[in-house]
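Residue-level structural notes
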Amino acid sequence: MPRRFEPLQGQPVLLFHGSGDRVVPHSTSVAFARDWPDSVTLVTVEGASHTGAWNADPDTYGKHLAAFLERTA
């Protein structure tokens, strides 16, 4: 099965997605992360709306962002 998404070649991707997103289905991000396990880090924020991950849980958001930057910078 061909991959449905093409991240930037060699670029790490940190993706926050709220489970309460009514704009973009969470399954889209799950598929993206599944198809690109070496590039994509998916953080699911329970109950967060579209673009609401930081507002829903700023501490967890900050921890994942800091860890991602340490790993990739």
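Scroll up for the structure.
All of the points below concern the structure found in this document. (Residues numbered from 1 in each chain as written. Predicted model: local features only at pLDDT ≥ 70, side-chain atom pairs only at ≥ 80, totals over all residues. Heavy atoms only, no water.)

Let us look at the pairing of strand S1 (residues 13-18). By the bridge criterion, 6 bridges tie S1 to strand S2 (residues 40-45) in an arrangement that is parallel. Pairing of valine 13 across the sheet is with valine 40, part of S2. In this region the chain leaves S1, passes through helix H1 (residues 26-35) and returns to the parallel neighbour S2; the handedness of that crossover is right-handed. (Pairing = 2+ DSSP bridges. Helix = DSSP H or I, 4+ residues; strand = E, 2+ residues; numbered from the N terminus. Right-handed = clockwise from strand over helix to strand, strands pointing away.)

In this section: the environment of valine 45. Its location among the elements puts valine 45 in strand S2. Along the backbone, valine 45 and threonine 60 are 15 residues apart, and their C-alpha atoms lie at a distance of 8.6 Å. Setting aside residues up to four positions removed in sequence, valine 45 forms contacts with Phe16, His17, Gly18, Ser19, Ala53, Ala56 and Asp57. (Contact = heavy atoms within 4.5 Å.)

In this fold, glycine 18 is placed in strand S1. For glycine 18, a relative accessible area of 5% corresponds to the buried category. The sequence separation of glycine 18 and glutamate 46 amounts to 28 residues, and the corresponding C-alpha distance is 5.9 Å. Non-local contacts of glycine 18, meaning those with residues more than four positions away in its chain, are made with His26, Val45, Ala48 and Ser49. (Buried < 20%, exposed > 50% of the residue type's maximum accessible area, 1.4 Å probe, protein only.)

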